[in-house]
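The chain contents come next:
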Amino acid sequence: MAALISIAVFGIALLYIELTNSKKIQLPLAVVGLLVTLGLTVMQWNHPSSSFNNMAVTDNYSVAFNASILLSTMFVVLLSAYYYEDVKQHVAEIMALMLFTVFGAFLITSFSNMIMLFLGIETLSIPLYVLAGSKKFSLRSNEASFKYFLMGAFASAILLLGITLVYGASATFQLSAISDYVNNTKQLPGIFYMGIILILVGFSFKVAAAPFHFWTPDVYEGSPTLITAFMATVVKIAGFAAFYRLFSSAFSSIATFWEPLLWGMIILTLLISNFAALLQKGVKRLLAYSSISHAGFLLLGIIALNKLSAGGIFYYTLAYSLATIPAFGVLILVKNHRNSDDSIDAFNGLAKKNPLLAIVMSVALLSMAGIPITAGFFAKYYIFVAAIDSGYILLTIFAVLAAVLGVFYYFRLLNAMFLKEGEAEKIKIPVVFGISLLITTILTLAMGVFPDYIIKLL
Amino acid sequence: MIQKIAWMIPLFPLLGFIINSFGRKIISRNMSGIIASLMVFIPLIFAFDLFFSVTDKVTVHLFNWISAGVINIPFEFLIDPLSITMMLVVTGVGFLIHVYSIGYMGHDEHANTFFAYLNLFIFFMLLLVMGANYLILFIGWEGVGLCSYLLIGFWYKNTEYNNAARKAFVMNRIGDLGFLLGIILMLFAFGSVNFKDVFPAAGSVQSGNVTVTIITLLLMIGALGKSAQIPLYTWLPDAMAGPTPVSALIHAATMVTAGIYMIARSSILYSLAPITSGVIVVIGLATAVFAASIGLLQNDIKKVLAYSTVSQLGYMFLALGLGAYSSAMFHVTTHAFFKALLFLGAGSVMHALNNGQDIRGMGGLRKKLPITFITFLIATLAISGIPPFSGFFSKDEILAKAFASNPSLWVVGMIGALFTCFYMFRLFYLVFYGKFRGTSEQEAHVHESPLVMTIPLIVLAVLAFLGGFLNFPAIFGGKESFAEYLKPSLAGQYYGKELIPHQTELLLMASSVIILLAVIFIAWQVFVKRGTVPADETTERKGLVKLVYNKYFIDELYNSIFVKPYNFLSEKVFSWIDRVVIDGIVNSFGEISIICGRSVRKLQNGNTSFYLFVMAWAIVAMFIYLMLV
Amino acid sequence: MGSISIILLMACGIIFAVAAIAIGRKLSMKRFNPTKGEAYECGIQTEGDTWVQLHIGYYLFALVFLLFDVEIAFVYPWAVVFKEIGMVAFVEIVMFVLVLFLGLLYAYKKKALTWM
């Protein structure tokens, strides 16, 4: 509750800072806001509580995910100082919108009531629609924003209809009450099942799982790169936290019904994303498909639905965020340097002139590919172990194969950076930028060497 | 005491890597070479200390690494005779090659990066051999693959080199996939991947158990990729694109033997899987002879050595398949000495000739490069299996075990040995005897390498000469001390058994030596007396068009293996198999993926209403599912 | 409610939609006339581009209006239970309005209310 208020207050404060046009304190204020909120969040560790008439609960699960959301946001905000350097006016507005998104994310990591879930998802999405279009004079950005809005509205409507149908059957919004209803009713009505399907669809849209992933490549590519990084990390963390919270509590006893659907979606997601990624020429689009494929792996954690799942999903989302942010960060620098060329060829010979960037990018890519001593390896490992534990052996084998396929396209980028010749020049790395890139890289490696400390949290 | 700080061993090369990569701008090239060498030398001392103080198994526990559910994987190092042997080989040969590289890479502008990568490689290699469970082993396994990839493509200005690097990477991934699946299956079957849990648990398993057979087969696939066996061997000859010290260290002495090490480490499992062992025998023997026959006609000095490495690795596989794990390890050790020496010698020759690699452009170098000449001779004798050089003992041990199992294995193995002897002496005579065939410009430039390069050559030559006495066979009154030393680490179906009568063994040895000497004599006749030089690439061979070997494909294949090994068409046929069949299979995987990718991409057409349309139908599909259940 | 009813519902929906279009198509006479292709605009020919851009100010005003429209929606139920909850409810609604007021202030400061 305190964290929630804090993030909202800082968000509003940032808006007003923007009016005064005092550019210097925007970034510090945003960082302080995030730090204060992080402090308040961490203080709730091991102190479960509930708020808003039991519509939201704060437990270790939500605290962990919130902390990881804040961490990711922090890095994105730090990168934004450079990214929006040339833009005169709207930086604080953008930061404020980010904080509002985080507010929405907080709601959905800790909801215990369907209304709260919907409220959170909307609060999370609406600022994102605006953020996607925050490059006002870029046609691509506008297109992305509009597409995202249109399809997001569609998905929200479906989700809401799902919630309504579940309410229609169970006459409650409260997760625990729905769970009781499921357990105590012999013959569940058809509309209840329909409701579950629609909710599943709504979530699949938010986390970009096939066949509801179509918006992702277009929106990720069109949005300003930094916003793409933000969407790819924060939305994914929060989305999966909520996804798992809902399906592990309210609908866990009828898992036999929805797990086959998820099963099919995982296969489809992994297939489509990995095959499509193989052919991408643009790095941004490649990362978009990679993000879809990560959603596929993460769904394995949800389908597993056992005591390893929560930890696995948490570890995976954190590892994924810590890899995604530096990857997009390096992309921003390279792209700016090469006159907005984000093709793989733009990375040719990067290692020679900009070894630091190349190393940061490599660690990020290796982590996404799941190569050992990076966090990504254990991320996949824990998820796979959880899935195997629940008996999804074929699915896991399939996922392992998909992961191997994934190595190929990450590898293309590595190949370009280290082995190809390019007319690279030294790219100047702004200080804040460099520091955040380094920290994320070190964290990725640290998590890869000492995975136990993270996995034990949940 | 030393056992307590054994965990520090891999840290030194890692430190070297960090220093060299971050201090690229500050440290001079020579300095970085010295730092890198030092960071390998310290672990060498540690390893010696361990060698004298540890005779059994010691587990060094660092921390609890992963615990997920019932699975518990600690971060532990296992110090036992097997890992100590590998550590000594890796750091010992590695150190010499590092020193050599100071001279060899001294002119290269990226020497610092080179040394950083070399150190990183040693780090991962040590991790690989010291790890006390399959996961650490796997991390090392992947790490050395990465370093190999980086070093093959080290001169990244050349596209061909890039492709070679990529080929190596992809082929190894195929192998690694098998390896990883094997580890996962093992996790299922035994509930653990720690050596100390798996091996005792395997003790209660019946021989020929299906699960163990599958696990061992999967692990074997990994080893096939890493140790360049049929059908995953083609990357190794291509990998010669890297700098020569890399070829010596990674693609001859250490990394490629990781597969051998892994199987020897899992010897308890393999001894329970007769089917897998049979497969390994067949693959190993086939590779040994097949690769040796290709080597007969190569004209690139490094390619000859590369095929010879593949062939020698085949012998090690043969030994593993026969259950003669200590013989395999013995050959790993001696091979590391003489093959590293051969590569470094080749490097020295190339250095003198300004990077000429074609043996048709060499000749008569024995006067100008005396040290290289003598050390290269020792290595050639060692690899050919002439007593008392090290290769004789290790190869003969393998062939004796093959004879004990089935005399026809010995015959085939012997044919491979003859090939080896012939192509090595062909190489040797063409390089060091006759007249110089290069340009006059090169001739003026020819010089012996500096001391920093020749001293490692001399040390390795001594090792290649004396290495065989490590396991002096019982037949000459030796104690087979190497095999005895490894006993605690390996499954011992051969320990304490006299396999074949001494008379027979002596007879085999004598006959093989006589035949080998005859081959050397023939090679002398052909290449020195008559001065035959392999025909030029451009002139006549183009006349023999593809049609010929496509039509007589089977004939020529048999012909070249059995009837006329020195048929000069073999070169084309084997390279055809190499290129079309094996590469074709590997490449077609890539093509299928790309076709799939194309069709998937068509869906993503940018049209929002189409997206919504698909979403709506997906929901309808889900509703249909709802009706069905 | 079993699956029968769902099938029935879906079937009805599909039949209804398809039938309406199909019947219309079947029964109607099709005669092409150039005038038919023109945009319908009170019988007078349109001038200029049909895609007229509305002034952005309309949307801004609409958004600000929405802010207080929603406020009313919230305040109404609050007023009903105000007596029962008492002071706490008062403080809460004041904070609520305050936040909305901050929004209005922001819009004002950003010159959203100035017609340009």
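Note that the structure is a prediction, hence the values are computed from the model and not measured.

**So, the overall build of chain C**
Within chain C, the secondary structure is distributed over three helices and zero strands. Starting at the N terminus and ending at the C terminus, chain C contains elements arranged as α-α-α.

**A word on the overall build of chain B**
Regarding its fold elements, chain B presents 26 helices and two strands. Burial status across chain B gives 54% buried among its 629 residues. Of the contacts formed within chain B by residues at least 6 apart in sequence, a portion of 80% connects residues at least 24 apart.

**Re the packing of helix 13 (residues 309-337) of chain A against helix 16 (residues 375-389) of chain A**
Residues and elements named next belong to chain A. Axis separation between helix 13 and helix 16 bottoms out at 8 Å; the angle between their running directions is 155 degrees. For the element pair helix 13 / helix 16, the angle class is roughly antiparallel. Of the two possible hands of crossing, helix 13 and helix 16 adopt the one that is left-handed. On helix 16, the residues touching Ser309, Gly311, Gly312, Tyr315, Tyr316, Ala319, Tyr320, Leu322 and Ala323 of helix 13 are Ala375, Gly376, Phe378, Ala379, Tyr382, Ile383 and Ala386. Residues of the contact of helix 13 with helix 16, tallied by class, amount to twelve nonpolar, four polar and no charged.

**Observations concerning the interface of chain B and chain A**
On the chain A side, the residues contacting the 42 residues of chain B number 42 residues. Among the secondary structure elements, those contributing two or more residues to the side of chain B that touches chain A are strand 1 (58-68), helix 5 (134-152), helix 6 (159-190), helix 25 (570-603) and helix 26 (608-628) of chain B. Per-element accounting of the side of chain B that touches chain A gives the leading share, eleven residues, to helix 26 of chain B. Among the residues forming the side of chain B that touches chain A, the class breakdown is 26 nonpolar, ten polar and six charged.

**A closer look at the packing of helix 3 (residues 81-104) of chain B against helix 10 (residues 244-253) of chain B**
Residue and element names in this part refer to chain B. Relative to each other, helix 3 and helix 10 sit at 165 degrees, their axes nearing to 9 Å. The pairing of helix 3 with helix 10 is recorded here as roughly antiparallel in orientation. In this structure, helix 3 crosses over helix 10, and the sense of that crossing is left-handed. Only Thr244, Pro245, Ala248, Leu249 and Ala253 of helix 10 make contact with helix 3, whose side of the interface consists of Val93, Gly94, Ile97, Tyr100, Ser101 and Tyr104. Counted by class, the contact of helix 3 with helix 10 contains eight nonpolar, three polar and no charged residues.

**Focus: the interface of chain C and chain A**
On the chain A side, the residues contacting the eight residues of chain C number six residues. Of all the secondary structure elements, the ones that give two or more residues to the side of chain C that touches chain A are helix 1 (3-27) and helix 3 (87-109) of chain C. Its residues assigned to classes, the side of chain C that touches chain A shows four nonpolar, three polar and one charged.

**A closer look at the environment of Ile435(A)**
Relative to the helices and strands, Ile435(A) is located in helix 18 (residues 431-449). For Ile435(A) and Leu79(A), which are 356 residues apart along the polypeptide, the C-alpha to C-alpha distance reads 9.7 Å.

**A closer look at unusual backbone geometry**
That bond from Ala210(A) to Pro211(A) is cis: its omega, 0 degrees, falls within 30 degrees of zero. Within the secondary structure, Pro211(A) sits in the loop between helix 8 (190-207) and helix 9 (215-222). Cis geometry is adopted by the peptide bond preceding Pro388(B), which originates at Pro387(B) and carries an omega value of 0 degrees. Secondary-structure assignment places Pro388(B) in the loop between helix 16 (370-384) and helix 17 (390-405). Its identity is not glycine, yet Ala208(A) carries a phi of approximately 65 degrees, on the positive side. Checked against the element boundaries, Ala208(A) lands in the loop between helix 8 and helix 9.

**As for the environment of Ile383(B)**
Residue and element names in this part refer to chain B. As for its position among the elements, Ile383 is in helix 16. Spatially, the C-alpha atom of Ile383 lies 9.0 Å from that of Ala417, the residues being 34 residues apart in sequence. In contact with Ile383, not counting residues within four places along its chain, are Ser308, Phe338, Leu342, Gly391, Thr420 and Met424.

**A look at the confidence of the model for chain C**
All names here are of chain C. Here chain C averages 81 in pLDDT, while 87% of its residues score no lower than 70. Predicted confidence in chain C is weakest over helix 2 (residues 56-85), with a mean pLDDT of 83, and strongest over helix 3, with 87. For this predicted complex, the interface score ipTM comes out at 0.87, while the overall pTM is 0.64.

**Brief notes about helix 6 (residues 139-170) of chain A**
One full turn of an α-helix is made of 3.6 residues, so residues set three or four places apart face in the same direction. Along its 32 residues, helix 6 of chain A runs 46 Å from first to last C-alpha, staying within 8% of the 46 Å computed at 1.5 Å per residue. Backbone geometry just downstream of helix 6 of chain A places Ala171(A) in the positive-phi region, at approximately 60 degrees.

**Quick word on the environment of Ala379(B)**
Residue and element names in this part refer to chain B. Among the secondary structure elements, Ala379 is positioned in helix 16. Taking the C-alpha atoms as reference, Ala379 lies 7.8 Å from Phe465; in sequence the two are 86 residues apart. If near-sequence neighbours (up to four positions away) are discounted, Ala379 is found in contact with Phe338, Leu341, Leu342, Gly345, Ala461 and Ala464.

**Topic: the confidence of the model for chain B**
Caution applies to low-pLDDT regions: their predicted coordinates should not be interpreted in detail. All names here are of chain B. Per-residue confidence for chain B averages 79 on the pLDDT scale, and 85% of its residues sit at or above 70. Per-element confidence in chain B is highest for helix 11 (residues 258-265), whose mean pLDDT is 89, and lowest for helix 23 (residues 546-551), whose mean pLDDT is 30. A low-confidence stretch, residues 539-570 stays under pLDDT 50, and its non-local contacts, those more than four residues away or across chains, total 27 contacts.

The rules behind each value
- Residues numbered from 1 in each chain as written.
- Chains lettered and ligands numbered in written order.
- Predicted model: local features only at pLDDT ≥ 70, side-chain atom pairs only at ≥ 80, totals over all residues.
- Helix = DSSP H or I, 4+ residues; strand = E, 2+ residues; numbered from the N terminus.
- Buried ≥ 20, exposed ≤ 12 C-beta atoms within 10 Å, placed from the backbone.
- Contact = placed C-beta atoms within 7 Å.
- Axes fitted to C-alpha atoms, helices over the stretch in contact; angles between N-to-C directions.
- Parallel < 35°, antiparallel > 145°, perpendicular 65-115°, else oblique.
- Left-handed = near helix turned anticlockwise from the far one by under 90°.
- Nonpolar A, V, L, I, M, F, W, Y, C, P; charged D, E, K, R; others polar.
- pLDDT = per-residue confidence, 0-100.
- Expected span 1.5 Å × (residues − 1).

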